[in-house]
Every structure is written in C-alpha cells, then in structure tokens.
Amino acid sequence: MIELPLVFVAGILGTAHCLGMCGPFALAIGSGASGWGSALGRQAAYTAGRIFTYGVLGAVAGYCGSRLNQALPAIVNIPAVLAIAAGLLLVYMGLRSAGWLAVGNRAGNVLSPSFCLAGGFFGQFLRQRGMSGVFLAGVFTGLLPCGLLYGMLALAASLHSVVLGGLTMVVFGLGTAPAMILAGVTGRLVGLATRQRLYAAAAWCLVLTGVVSVGRGMLFLSLGNQPAIGCPACENRPPLAAR
Amino acid sequence: MSAGDHQHRVRHPVHESPTCDFCGLPVADDCGSAAEVPRYCCFGCRFAASIAASHGDEGQANWAMTRLGLAIFFAMNVMVFTMLLWSQPESEQGPLAGVWYDLARYACLFFTLPVVLMLGGPLASDAATELSRGRPSLSLLLCVGVAAALLYSIWSLVRGVGHVYFEVACTILVATTLGRWLEATGKLQTTAALRGLARLLPEQARLLRGSEETLVPASELVAGDAFRVLPGERIAADGEIVRHEASIDEQVVTGESLPVVRGPGQRVLSGMLVLDGPMEILASAGSGEGMLARMVEAVTKATAARSHYQRLAEQISRWFLPLVATVALATLALHWWYGDPAAGLLAALAVLTIACPCALGLATPMALWAAVGRAAQAGVLLCEGDVLSLLALAKTVCFDKTGTLTTGRAIVSGARFASAADAKLALKVARALADTSSHPLSCAVAEYAAEQLTEKPRLQATDAHIVPGGGVVGRVDEVPGYVYLGSRKWLADCQQALPATWITGFSDDGRAAETLVGWGGKVRSQFLIDQTVRPEAEQAIAALRRSGLECCMLTGDRASRARSLGDQLQLAVLAELLPADKLAAIAELATDGPVVMVGDGINDAPALAAADVGVALASGTDISRHSAAVCLLRDDLRLLPWLVQLARATVRTIRWNLVWTFAYNVAGIGLAAAGWLHPVLAAIAMAASGLLVIGNSLMLAQFDLADHRADDPSPRSSPDQFPSQAPGWTAGPAHAEVAT
C-alpha cells in the first residue's frame, strides 16, 4: 500500500497542527503527573486513547466506503470516486494550511463554548487524575473536529475495507504520537519558528498524499471496477456480498 | 384563531405545575408523589442529578463519569467487531474464516457485558422508579428492548447460528444515557439566566444601629432598617439613599449597561451594584420582598405556566408511549407472521429506539425558558408564559399618551401677561398657588415661575384648596380677595374675565395645554404648557411599523392636542376617550388580531388588562400589583420592537421544534417499523433529535436584534389599514404622506 508510509509521515509532520489544536490537552494531562515516569505513562495512555478512536473512526469510514461500493457499483466506480475525492480534500487542506488558499474559518460560531454541550462532558475526563480518565480523555480527543482527520478519514473510506481503514488511521495516529508525547512530557511546545516550518512541511506532505490518492483513483478508473490494491492477507477472498 | 380566543387564553388562570428538581422545567404529571421525593422530568436529569449530587464527593462524581466514558469505549469496540462481522458474510468458507467469525461474535459479547453492567443499572432504576409511581416510561420500553436484543444474541451465540445484536443493546444504552445527559445539561443552560437573577442577592448586609455597623444575614433586614453598602457590593433590599452619592450599575434590574449616579433621597432597588463610594440606605422593604425577589417570582410564575403549544405537546405525548409500544409489538408480530422473527425483533427495537417523546416535551418549554431569560437580561420582565406567542401574533400596538409617549413631565413653552406692570406679581401668585398642588400642570408652572423669579421672599398662599377638574384657589398677602390658577373654563366660571385679545390666538390651535392666573375679576396671565415627547418614541414606532404592526394612540386628552403629537410621531390617534371608551376601542381593534397596549402601569390598568398583551413602562417597582403581562424595566420604548422580534423568533423556534420532532417521530417510526432503519442508526438519530431541539432553543438565549434584520427597511403599514369605523379617529397629515 503506497499511502501507508506517506500517511505515517503526514502524521509526524501533522503534529505541528496537532500541537496547535490538541497540545493544550496534552499539557493539561501532563500537569497531573508526579514524575517523569508517571508523565510518560499518562501521555502514553492519552495517545493510546486517541489512536484507538482514530482506528475506530477509520474502521467506520472503511466500512461506509465498502457499503457504498456495494450499493452503487453499477453507477459509478466508487473506489475511484472516493480516492479522488479524498485526494482532492487532502490537497485542498494542504494548500489551505500552506497559506495558498485564504478561506475564512466559519466553524467558529458553531464551536463556541456556549453551543458546545459536550464541553462539560469532555472536561470531566481532563480533570481526572487516574489513568482511566486520561485514557478516556484521549478517546474523546480523537472525536474532536479536525480538518487533518477528515482528510485522512476520506482516504480510509476510499480503501473500502474495515481493516485497511482502521489500519490507515492507526498509522496516522502513530505518526502524531512521538512529538505529542514529547511535548506533553517536557511541558513545552515546539517554538514558533520551528512550528511554522513544520507546519509548512506538513502542508506539502498533505498535498503529496492527496496527489497520490488522486493518482490512485485515476488508476482505478482506467482499470474499471477492479481494486488495484488490497490487504495481502485476503487478496484472494471472494467479492464482498451483502449481509 | 380569533382575537377572542387570545383574550380567553390570556385571562385563563395560570396553571402552576410541578418542576424538575434538576433543570427546573415543568414536569408532566406529579401523580401524587410525595413532595420530599426528588422529582425529575426525564432520565437525563435523574442521571445528571446523580452526578451533580456526588460533586461533593469527587471520587463518586468521577466514577459516574468514568463509567459512562468506559461504556462508550467498550461500545466502540463492539462497533468495530460488528462491522467486521458485517463485512464478512457467514457463508464464507474455510476454517480460518469460521474461527475468525466466531471470535468476532464472542468479542462482541465480551465488550457488551461491561456496557450493560455500567449503564443498564441507571436505566432500569429509572424505569422502576417511574413504574412505582404507576406510569410506564420510555425507559421501561428501552429496558425491555435491550434485554430482548441481549438475550436473543446470546441464544444465537450459544446455538452457533443466527444473528447477534450486541451492538444494538450497546448503542441504545450509550445513546440514551449520553444523549439524555447532554439534554439535561442543555436544559440547565437555558435556565441559567434566570437562576443567575436569584443568585444576585447578597447573603449578608451591613446593618447600621446608630454609628455601629453589624454584619447580619440579609434575610434579617426589615423595612425601616438602615444599612451600608460598600463599593463592589450589591444592595440587599429596596430603599432610599440617606447618605453619600455613588455610581450604581442598575443593569440587573433595568438592563441599562451604563452606570448612573444616585444620591440622597433617590430610590435604589435590591440587586443593583454599587460601583464606587459607600452609601447608606434606608430599607423600604424586607430582604425577600424587594424588587429582585419579585422579579424572580414573576418570571418563575411565567415559566411554570403552560402555554398553548405546551398543552398541545402534552396532549400528543399522552398518546405517544402506548402508541409506540403498540407499533413495536405490531411490527414484531407482522415480521414474525411473514417468517422472519429476527428482522421483526430488529425492527421493533428500532421503533422503540427512534421514538423520542422527550424532544416533543422539550420543544416548547426549552424555547420559552431561553426567551424569558433573555428578555429578563435585557430589562423586560415577562409575567405570563403565553405572552410571547400572543406578542408574535399581534397586529396592533396602542400607546397611552401621557407618561408613555411623553415623559409625563410638562414644561411651560410660553407665557403672556395682561399688563407688563402685573407680570412679576402674576408670576409670584402663580408660583404660590402652584406650589400647593402636585398636578403636572401646576408643577410645570411652579418650575417656570421659579426660573423667572430670583428675588425673595416668596409669596405664600393661604386658605388654598384644589377644585377637581378646575384648578387651585387661595389667598396671598399682596393681593386682596381670592386668586385663581386653573383652566380657562373654570376661571370664567369664577367670574375672571379674559382680556378681549386673548380669546383667539396664542394657544388657539390647541397644541398645548394652558393654565391661567386671575384675580380681581380679570385674568392676568396665561401659561402654555407642552408635553415632552420621549426622544426614542419616534424610532421605536418606526421599528414597530417595519415589523408590520399598526400603531395608534389612545388618550383621554383633547383631540387637537393629541393630533399634534400624532402628527409629530406619525401616529393615528383616538382622543377624548373615557376609560370605558378605551376598552371599547381595544375590543374593536382586537377583531383584527391580538392588541398590545402600552401604558404606564398604574393609570392604565383597565386598558392594560383588556388588551391581549399589556405592556407596562418602567413600573418595575410595582411589578407585583399592576395588570400588565410585560414590564419594561427601563424607560425605553425601543425595547418594544426588540421584544416583538424576540417573541416572533421564539414562536418560530417553538414551531420549528414541534414540527421537527413530530415529523422526525412519524418518519422515524414508519421507517423503523418497515425494517428500513437499523436500531444503531435509530439510537444515534434519537440522541441527535433531542440535542437539535436544545441547540435550536439555546440560540434564543443569544438573541440579538441585529440578527433579525431589524434595521432593514420593509413596507410600512398604511393608515388605510386602520379601522375607520372607530369613532374619533384622526390620522395625522404626516401619516397620509407615508401612505402616498
């Protein structure tokens, strides 16, 4: 699978974005630690929770992609359309992050605290001192709205497989893990200049991932409705049938 | 809906209903439960209350939340394994596939059990509590559904054939608990503004006994006590300032954000914030009887009253549960009949899950509470629950003149004297007589004379008495015989002759009121007295017109004078009305639609009560005794168009909520019964439905006029639309210009 290494790199470079969005959560989690070991444990639990949610979301996206593929095979080439759509979304996200597309963020009002009923729910876990609370905080952080995540989820959906979808998102999550854990444990976020450089690199990585995905979609189109890739373990399995 | 219906509804006695101990919203039926037993309106509030109650014990609170969080985590696992099962058909051959398939099914059971253990308990306990009160609940139906899904799945697992529905059991439990808990949190937010009011009263007051200051509980303050308030403190009881001057933030009572300076002799109200400098206040009411306490009481009464829309929702809700249970059973039976009991079970579960009577019950009170709270923040007190729906439908706004469109303060706009030699004496006599009366015209004359006369000593009137409808008569030292201050007609009756040149001219157009001074058989002086129009009246009336409302003035004053004001404000006027005529005029206007009457609270009590919506102006201190449903706590007529927009937004929200929840339930139950909706999707839709209603209602708590295009010019109402059959109507010429 050509994307997985790229997805991992996108995760690593996307950390700059993650630190901006979820960094304060990581710092809050770290503040409850009593020492280095404890801090590392808490960050690991938090990240594990986040990666778990990414995996579940990826599995759901993969499942939805596969159902779409079964429902509409005669009309359109679903894997191709999903792959191209995901690719375009990633390219768009990348260009926007790189500052090449100036688009106002209109989600601000919807996500303002007074409208966010989930705020109280989420905050309860962040404040908890036990490991289960930290893990659950990670689980629910994974559900927060995030453009990078949506791009990756579109990619997972284009794989039209529960396992591959979940795997893609877990790999993406693993890519975001090192810097987040480091930032949380050391209690410092990356400096502004470094963050900006990383941010630009992450943006171009997104664009690259998107271009590869679009290319894959084009390949599907040229091959007809035959998936060009699949899980090596189940390449010879019969076509998916309705339940 | 006729205006008669509206009137009927407004005068309907307020049905106070029991309220939920967590969110404060009305609960449907009490069923005679004991008062000491906590009462909750839904499962969400019961669950949220259990978390809130354990806040003192942090471990307990954490465990309640962790339980919910872990249940969600386990349910996510169940979903992943279920999706794997869904992606991998049973028919797939091969030993590995078979093992993998069984493993996934057992994993589903393994992850489902903790969810059932953690969340099943509270739901079952809610069902049992409701059942012990003699009423079946949706929780009971959901418990039955979860148990059925679970038992059927375990049976399939043990047999090795058949579908498993562990994900259904998990999703129902998680969606119900999480959704209802979030709903309860949202409900608490809609009532936040109102609860905030009650919290503004300080708990302690600095009681003064002589020069000694004692800190006492604020509840011990009684009328006649003097107390001190330091900068940054709120005033504990209504009263009059006796010492010192300070800036006061009156926002909580009037909605006015700019502080005002108040000093000795001026009234202050409980809840107001003293910004700088200490001040000493003489309490005029006890702590619990002040303005803020009455505001809280009035607003609570308004929100506890059941509105038209709420009664409608309750009627539907009454049939809802039996209907849902019947549809679910019929669905199961029908699918079974056609040979697919498993599909029947799934469809029946979907029916139970998607049914959301909670959203239906919330649709009205959520929006009303949010709107009443928002209005209170802006300085508008709504004393009746149904008033917003009437305001939204209103067609006509009637204004009283004096004290409403005018400030109630008269000023002398001109004076003339029979002879220059008499002028000073006439002023002194006028002042002496005017000082003995509190009539607005006398006050205006006294004020004018005081400005003109600088020398002392002042003349004192002796033997003065007031002749009702005429004026004041008395004696002064420098003039032999009686001196008179009053109307032209009364002075003529008292044989005081008007100079021949004064019979016409000066005040002949009747624009202003006049007061004459006379003695020795001659009228010596004439004062013209004008009304001061409220500066914002024109703007407010224009805004009301833009909202499509017809505006008119009802007054007992002379037609010529009323018309002058009508011209200025481009208002149609109905003048020279006795109190009974005002009621008749309102009744006649009400045939076209609900009528809003705006008056100054006490003088216009009958008219305010007769109108569909009575709006009392700045009569905040009297909110508990006047007959208006709406009190503007600030002397600002511009609150009126704002309130109309808020009322319309509220009714739009209520209607949207009701239509949405009704359509959602009908469509959802139909789809579910047909077997086209998986219970997992149904559970998610059910939770989303309730949250949508709450989110929509919470928008009202942020209501701002700017959001509703109030400044957009829209077609103005034409005077042609006024009821021409009403006697005495005169439309101002400016009005006619608007019409062309």
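Residues numbered from 1 in each chain as written. Chains lettered and ligands numbered in written order. Predicted model: local features only at pLDDT ≥ 70, side-chain atom pairs only at ≥ 80, totals over all residues. Heavy atoms only, no water.

### Points about the overall build of chain A
Right, so step 1: Scanning chain A from N- to C-terminus turns up nine helices and zero strands.
Right, so step 2: Mapped from its N terminus to its C terminus, chain A presents α and β elements in the order α-α-α-α-α-α-α-α-α.
Right, so step 3: Surface exposure of chain A reaches about 11100 Å², of which carbon and sulfur atoms provide 70%. (Helix = DSSP H or I, 4+ residues; strand = E, 2+ residues; numbered from the N terminus. Areas by Shrake-Rupley, 256 points an atom, 1.4 Å probe, with all protein chains shown as cover.)

### Describing the packing of aromatic side chains
Geometrically, a pair of aromatic rings is defined through the distance of the ring centres and the angle of the planes.
Right, so step 1: All told, the structure shown has 16 aromatic pairs over all chains when counted by the stated rule.
Right, so step 2: Plain terms: the ring middles of Trp656 of chain B and Trp660 of chain B are 6.2 Å apart, the flat faces sit at 20° to each other, and that makes the pair stacked. Taken together, the positions of Trp656 of chain B and Trp660 of chain B, both in helix 22 (residues 639-673) and four residues apart, correspond to about one turn of that helix.
Right, so step 3: Judged by relative accessible area, which is 42%, Trp656 of chain B ranks as partly exposed.
Right, so step 4: Under the relative-accessibility criterion, Trp660 of chain B is labelled partly exposed at 29%.
Right, so step 5: One aromatic cluster is present, built from ring pairs that chain together Phe52 and Phe135 of chain A together with Phe73, Phe74, Phe81, Phe110 and Phe111 of chain B.
Right, so step 6: The lysine or arginine in question, Arg159 of chain B, covers the ring of Trp155 of chain B, its NZ or CZ lying 3.9 Å from the ring centre.
Right, so step 7: Above the plane of the ring of Tyr482 of chain B lies Arg475 of chain B, whose end atom (NZ or CZ) is 4.3 Å from the centre. (Phe/Tyr/Trp six-rings, centres within 6.5 Å; stacked < 30°, edge-to-face > 60°. Buried < 20%, exposed > 50% of the residue type's maximum accessible area, 1.4 Å probe, protein only. Lys NZ or Arg CZ within 6 Å of the ring centre and 35° of its normal.)

### Here's the deal with the pairing of strand 1 (residues 204-209) of chain B
Residue and element names in this part refer to chain B.
Right, so step 1: Examined bridge by bridge, strand 1 and strand 2 (residues 212-217) share six bridges and lie antiparallel to one another. Bridge pairing links Arg209 to Glu212 in strand 2.
Right, so step 2: Here strand 1 folds back onto strand 2, and the loop between the two strands holds two residues, one of which, Gly210, carries a positive phi near 70°. (Pairing = 2+ DSSP bridges.)

### Brief notes about the confidence of the model for chain B
Residue and element names in this part refer to chain B.
Right, so step 1: Per-chain confidence: chain B averages 77 in pLDDT, with 79% of residues scoring 70 or above.
Right, so step 2: Contacts of residues 1-16 to residues separated by more than four positions or lying in other chains number 32 contacts, the stretch itself having pLDDT below 50.
Right, so step 3: Overall, residues 30-35 carries pLDDT values under 50, and its contacts beyond four positions in sequence, including any with other chains, amount to seven contacts.
Right, so step 4: For this predicted complex, the interface score ipTM comes out at 0.73, alongside a pTM of 0.64. (pLDDT = per-residue confidence, 0-100. Contact = heavy atoms within 4.5 Å.)

### Overview of unusual backbone geometry
Residue and element names in this part refer to chain B.
Right, so step 1: Positive phi values are uncommon outside glycine, yet His244 reaches one of about 75°.
Right, so step 2: Inspection of the secondary structure assignment puts His244 in the loop between strand 4 (239-243) and strand 5 (246-249).
Right, so step 3: Residue His244 is classed as partly exposed on the basis of its relative accessible area of 34%.
Right, so step 4: For Asp463, which is not glycine, the phi dihedral falls at a positive 55°.

### Let's talk about the sheet that holds strand 3 (residues 226-229) of chain B
Right, so step 1: In spatial order, the strands read 2-1-3-9-4-7 (chain B); together these six strands make up an open sheet with antiparallel pairing. Each edge of the open sheet carries a strand with a single partner, namely strand 2 and strand 7 (267-268) of chain B.

### Observations concerning the nonpolar core
Residue and element names in this part refer to chain B.
Right, so step 1: Counting 150 residues, the largest nonpolar core has Val380, Leu382, Phe399, Leu405, Val630 and Leu643 as the members making the most contacts within it.
Right, so step 2: By residue number, the principal contributor to this core is helix 3 (residues 58-87), which donates 16 residues.
Right, so step 3: With residues up to four places along the chain from it excluded, the contact list for Phe399 reads Thr404, Leu405, Ile541, Leu544, Cys551, Cys552, Met553, Leu554, Met597, Val598, Leu637 and Leu640.
Right, so step 4: Judged by nonpolar contacts, the second largest core, of 27 residues, contains Leu221, Val229, Leu292 and Cys631. (Core = buried A, V, L, I, M, F, W, Y, C linked by side-chain atoms within 4.5 Å.)

### What about the pattern of salt bridges?
Residues and elements named next belong to chain B.
Right, so step 1: For the structure shown, the criterion picks out eleven salt bridges over all chains.
Right, so step 2: A salt bridge links Arg228 to Glu280; the shortest N-O distance between them is 3.6 Å. Of the two residues, Arg228 sits in strand 3 while Glu280 sits in strand 9 (residues 279-283), which places them 52 residues apart along the sequence.
Right, so step 3: For Lys428, the salt bridge identified is with Glu478, shortest N-O distance 3.7 Å. On the criterion of sequence distance, the pair formed by Lys428 in helix 15 (residues 423-434) and Glu478 in the loop between strand 14 (471-476) and strand 15 (479-486) is long-range, its members being 50 residues apart.
Right, so step 4: Under the relative-accessibility criterion, Lys428 is labelled buried at 15%.
Right, so step 5: The exposure class assigned to Glu478 is partly exposed, which follows from its relative accessible area of 46%.
Right, so step 6: Taken together, the shared-partner salt bridges in this structure form one network comprising Arg206, Glu213, Arg228, Glu233, Arg243 and Glu280. (Salt bridge = Lys/Arg side-chain N within 4 Å of Asp/Glu carboxyl O.)

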